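# Overview (structure and organization)
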Amino acid sequence: MFGWTGKVLRIDLSSRRYYAESPDSEIYQKYIGGKGLAGFYLKDFVAREWDHPEMPLIFFTGPLVATPAPTSGRMTVMSRSPLTGTIGDASVGGRFGSELKKAGWDGIILTGKSDALTGIQITDDRVAFSDAIDLKGYPLSRFNKQLKKKGAFAAVGPAAESRVKFANIMFDGHYAAGRNGLGLVFSAKNLKYITIMGTGTPAIFNRDALKKSREDILRLAAASPVLMGELGITHFGTAAIYDLTGSRRMMPTENFKHTYFEAAKRCNAHAYHLRYHPKKSGCTGCHILCKKIGRNGDVLPEFETMNHFSALLNNDDISTVVEANQICNDMGMDTISAGATLACYAELTGKNLSTKHIVSLLMDMALARGIGKALGQGSFEYATAYGTPEASMTVKKLELPAYDPRGAYGMALGYAVSTRGGCHLRAYPIGNEVLRKPVPTDRFTFSGKARIVKIAEDVNAVVDSLTACKFIFFGATLEEYSKAYAAVTGIESSGQDLLKIGERIYYNERIMNSRNGFTKEDDDLPKRFFDESGSSGNQINIPPIIRKDFLQARENYYTIRGLDQNGAPTPQKTEELGLSWNG
Amino acid sequence: MERLIYRYEKKMIEQKLVLPGDPVLAELDTEIVWNRQHPSIPVLEPIFSKLNINSLLFSPPAEPYRSIIDHLAECTSDVITLKDNETRTFLHDIPVIHTFSPGPIINRLKQRKCVVIPGHGIVTCGTVSPEQTYVNFSSVLFSCFVKYFADYLTDAILGNLSREQRDTFDRVNSYLKPFPEVDVHLKKGPFSSEDAVYGAISEAGKPIVNYGFVDSVMGNISYRYQNTLYISQTGSFLDELESCIDPCPIDNSSCTGITASSELPTHLEIVRNSAYSAIVHGHPKFAVIMSMICEKEQNCAFNGMCHVKCPESRYVRNIPIVTGESGTGPRAICNTVPPAVIDHQAAIVYGHGVFTAGEDDFNDPFYRLCSIEKMCREEYFSGISHS
Ligand SMILES: [Zn+2]
C-alpha cells in the first residue's frame, strides 16, 4: 500500500489493551482518510451518549500526511460533541499527524474508560500507559515541556476536567482540536495526554509525479495574494482578515448587535506586529507558516480569537486579547465559544466587560467557579437558563465565528446547514464572497449559493480527509491535489472523482446527525439576523436577512444535497453514494 | 439583477472572443438555465449530471483564434502543451478531444477546467460562478494565440516551415486587424484626492481592453497617492475597475489589500523605490510572444526553465526582458521587474506580460504599453520576413 500505512491502532482504555487493525483497501479508497475514515468508524456508535465508554474518540491522518505534498501535516479528531450533540470533528495542525503516520498508523481509535487518570505513550508500534494522576488540574503550560521530550503530543487542561462543554484537546502546546468539546470526550475517558513518536516514512508511489504536483501547488500559492502576498497570511497569520471584515462591515461586534467596530484600526494585524514582533511558525510540512509567535513567546491570536475578544466584547486592548488567548490555550478551551459566551453574558447582564473582568471570567469558566460554571456550558445553555435563548448567537448550540452572516449570504447558509453547528469552515464561502477566490460572487444574494455551498462542503470534506490545509485552497484546487493524491497512492483520480468521495463523506455526517434527531429546525440561524440590521455605512448597506430568501436557499440546498425537505437523508441518495443507514 | 450567463455572453462578444449567437452558457443551482436554445444543448446538458459543477460554457472561438486552435488541436491527439505563465500557473495544459459528445467531454473536464474540440469549439466549466467559464475560455484563447505565433517564428528562424504551415499562417494572418491608431487622452495628474485616483484608475483600464491590447482579465493597475497605493483587485476586469480598487498603505499598516492583485508586491516595490506613481501591467500578446523567442534556446542548459533561470540579459529593442513567476517568493517577478522598470520605465516579463510606469498619471504608461506592443508586433513580422 502506498500513502497509507494500512494499519489502525485500537486502544481500549478500560482494559489498557491495544491491537492493530488492517482495514480493507476498499475502505481507504471509499473514505480516503482523516475526516472520511473517522466518520466511517464513528457511524455505528454515534447514537450513544458522548461520555459512554463505547463512544470512540478517533484520530485519523490521510494519505498525504508525512509526504512532500504541501500543507499535509494535519489530521482529524472526531467523536460525538458534548456541546452540540452532533458529530464533532476538528482538523488539527502541529506535528501529531506526521508523527502518527511515521509511527506506522493511519489512525487511532480510542474506546473505554480508564479507572484513573492516564497518559499514553506511543513509539512506533509500541504503546505504553502510565499514571497521570499527578497531572490532575494542571494547566497545559505546566507539563508541555515534559511531554515535548516524548514527541508530538495531545493533552487536555483544567477546562476539560471542569467539564467545560467546549474544552479542547491541545496539540503540541498551541494547536487546538477545538469547537466541539472534544477535550471533554478525551477527559471523560480519564485520559490526560497522548505522546507519539515515529521513525518510519510512508511509501510513495511516484516521487517524480509528486514533485511535479507539489510545484504546481506551490506556484499557485505564490500567486495567491491571500496566502503568500505582502499582506497575506504567511506574513500576518489569519489576523490579516481582520481589516477586511471591518471594511466590509461584517465584523461581529457586541454579541452580533453591530457589524462595525470603531476601534478595529487599533486592534488589527499591524497593531500586533508593532507590539509583538512575531516570527513565523506552523505545522509540519507547511510553507505558509500562518502561526505567529511573539518575540517573548506569546502565541498571537488567530483571526476568530482576535475578533471575539475585541469587537465582540467591545474591548480595544490587544494585550487583553493576547492574554485571553493564552488562558484558553493553557486551560484548553475553545476561544470562539469562550468569547461568544462572554459576549452573550455581557448582553444579558447589560455589562460592558472590563479587561480584568474578561480575564477573571475566563478563569472562572475554566475552573467552574461561580458564574463560570454556567458559562462553561456554552452560551445556549446559559441564555436558556436565563430565559432568553435568542441571545445565544449559535447554530445547533455552537457559537458563531467572526463573519457576520448579514454580510455574506453564502456564509449564512453555510452556518445553518453545517453538520457540526455554527462553523465557517465547512463551506468556507469567505473565499468567493470576500476574498475573490477562485472568483468573486455577490455576497448579498442567495442566488446560486445553495450549490456553491454544497460543492464547497464536498471539497472541504476531501481536504480534511487527505489531509491538507483549507488555506492553501485559496490558491490551489482539487485539480492539483488529485494529482498529488494519485502520485502518493498510485490510485488514478481526478478532482471530480475526489469530489464524489467528499459528497459521500459529508452525507454520512448528515445521516449520523439525523439518527440523533437533527432536522431542518436545527439548520437555522439566530433570530437576530432576520430581525435586526447590521451597521451600515461607507456606502455599504447591511439590512437584516430576508427570511423567505434564506428558507428558499435552504430548500434548494436540501434538493441539491439529496436530502428530503425536512433535511433528512433519503434511502435513494444513501444507496447511490454507497452508504448504508445502519452501519 | 442581470443573470451572470448573459453578462459574460455579452462580455465575450464585446471583446471579439466569440461571434454573436455562438456562445452557449448555462448556470445551475437547482435547475439548469441556458442563455439560449441551441442544438448543442443535448450534448452539453448531461455534463451537469456527471460533474460537481455549477456553470458551463461552450462556444467556437472567433477568428483568428478559431483557425489557430483548430490547427494546434489537429497537431495533437491528446493535449496542447504551452509554456506561457498563464498556462503554467492556472491551466497547466489544454486537453483536446476529437468528438463532440458528452462522454469524452466529461472525462477531460474531470481533470481540467477546459477542453478543446477542433471543428466545434471549447468547453469550460466552473464550480462557483459562470465567471470562471469566461476566464478559462479567455485564457485558452490567449495561451493558444501566443503559442501559435511563437512556435511559427521559431520554426521560421530554424527554417523548418512546411508549405501547409505557411498556408495556415497566411490564413490566420488575414484575420489579424491592423494595429490601431490610438487617440486617447487620459486625465492629467498628479491627482489630489482619493476620488480622483479611483477615477483615473478606472479610466485607464478601459482603453487598454477596448483597443484590444490586453484581455479584460489579464492585468492590473495602480496609483500611489500620499502613503497609499491604490491597486486593482485580484481577478478584476481591467475595463470594469469601478468598485474593484483596494487601498494599500505603503507601510502595510492595514491588510484590507489582501484582496489586491497578486502583483501588489511588484507595484509596491516600484513606488517605494522611485518617483513613479502610476503603474500599468497587462499581457499584450506580441510582447509576450517576442519575450519567448530565443535563438539560443535549443542549445541552452536552462531550456525549459527560461521563465525563471534565463542567464542572458535580453531586450526587445531597448526594453529589457526579465524572468520570474507571478506573486511572491525568491523566483517571483517582485525581485526582477522593479529594478528594470525603475531604470527603463518599462519591462517585459518572459512569457507573461509588460509593466510600464509613469510619474503623474496614466498617459505615459498607457502609451508606453501601446508602443511596446506595436514595436513587438513589428519585430515579429520583420523576424518572419527575414527568415
Ligand atoms: Zn500578469
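What you are looking at is a predicted structure, and each value in this text was computed from that prediction instead of being measured. (Residues numbered from 1 in each chain as written. Chains lettered and ligands numbered in written order. Predicted model: local features only at pLDDT ≥ 70, side-chain atom pairs only at ≥ 80, totals over all residues. Heavy atoms only, no water.)

## Some remarks on the coordination of the zinc ion
Residues and elements named next belong to chain B.
- The coordination sphere of the zinc ion contains the protein donors H281 (NE2), H283 (NE2) and H352 (NE2), at a distance range of 2.0 to 2.1 Å.
- Sequence positions of the residues that donate to the zinc ion give the spacing H-x1-H-x68-H. Pair noted here: H283 is in the loop between β11 (278–282) and α10 (285–291) and H352 is in the loop between β14 (346–349) and β15 (353–358), with a separation of 69 residues, a long-range link. Side by side, H283 and H352 carry an identical accessibility label, which is buried. (Donors = N, O, S within 2.8 Å, 3.2 Å for Na, K, Ca; no water. Helix = DSSP H or I, 4+ residues; strand = E, 2+ residues; numbered from the N terminus. Buried < 20%, exposed > 50% of the residue type's maximum accessible area, 1.4 Å probe, protein only.)

## Focus on the interface of chain B and chain A
- On the side of chain A, 51 residues touch chain B, which itself brings 50 residues to the contact.
- It is B:D29, B:N52 and B:I258 in chain B that bury the most area against chain A; as a group they hold 18% of the surface buried on that side.
- Scanning the region where chain B abuts chain A turns up 5 salt bridges.
- Across the pair B:K113 and A:E479 runs a salt bridge, and its minimum N-O distance is 2.8 Å.
- Summed over the shared surface of chain B and chain A, the number is 21 residue pairs in polar contact (both at pLDDT 80 or more).
- Of all the secondary structure elements, the ones that give two or more residues to the side of chain B that touches chain A are α4 (85–91), α6 (130–158), β10 (245–249) and α9 (264–272) of chain B. (Contact = heavy atoms within 4.5 Å. Buried area = accessible area lost by both parts, 1.4 Å probe. Salt bridge = Lys/Arg side-chain N within 4 Å of Asp/Glu carboxyl O. Polar contact = N/O pair within 3.5 Å; in protein donor to acceptor, adjacent residues only side chain to side chain.)

## Side note on the domain arrangement of chain B
All names here are of chain B.
- Partitioning chain B into structural domains gives domain 1 (2–175) and domain 2 (194–385).
- The straight-line distance from the C-alpha centre of domain 1 to that of domain 2 is 26 Å.
- The interface is formed by 28 residues belonging to domain 1 together with 30 residues belonging to domain 2.
- The tally of links from domain 1 across to domain 2 stands at 3 salt bridges.
- Across the pair D239 and K11 runs a salt bridge whose closest N-O atoms are separated by 3.2 Å.
- In this assembly, domain 1 and domain 2 are joined by 8 residue pairs in polar contact (both at pLDDT 80 or more).
- Broken down by element, the residue count for the side of domain 1 that touches domain 2 peaks at 16 residues, all from α6. (Domains from an automatic or database assignment.)

## Notes on empty space enclosed by the protein
All names here are of chain A.
- Taken as a whole and judged by the stated rule, the model has 10 cavities of 30 Å³ or more.
- If you add up the space inside the second largest cavity, you get close to 930 Å³.
- Lining the second largest cavity we find 47 residues, and of these R74, S91, A176, E302 and L425 sit closest to its centre.
- Mapped by element, the contributors of at least two residues to the lining of the second largest cavity are β5 (87–92), β11 (175–177), α12 (303–309), α13 (318–331) and α14 (335–349).
- For the lining of the second largest cavity, the residue count by class is 21 nonpolar, 15 polar and 11 charged. (1 Å grid on protein atoms, 1.4 Å probe; cavity = no way out; pocket = protein on both sides within 12 Å on 5 of 7 lines; lining within 4 Å. Points joined across faces, edges and corners; volume = space filled by probe spheres on them. Nonpolar A, V, L, I, M, F, W, Y, C, P; charged D, E, K, R; others polar.)

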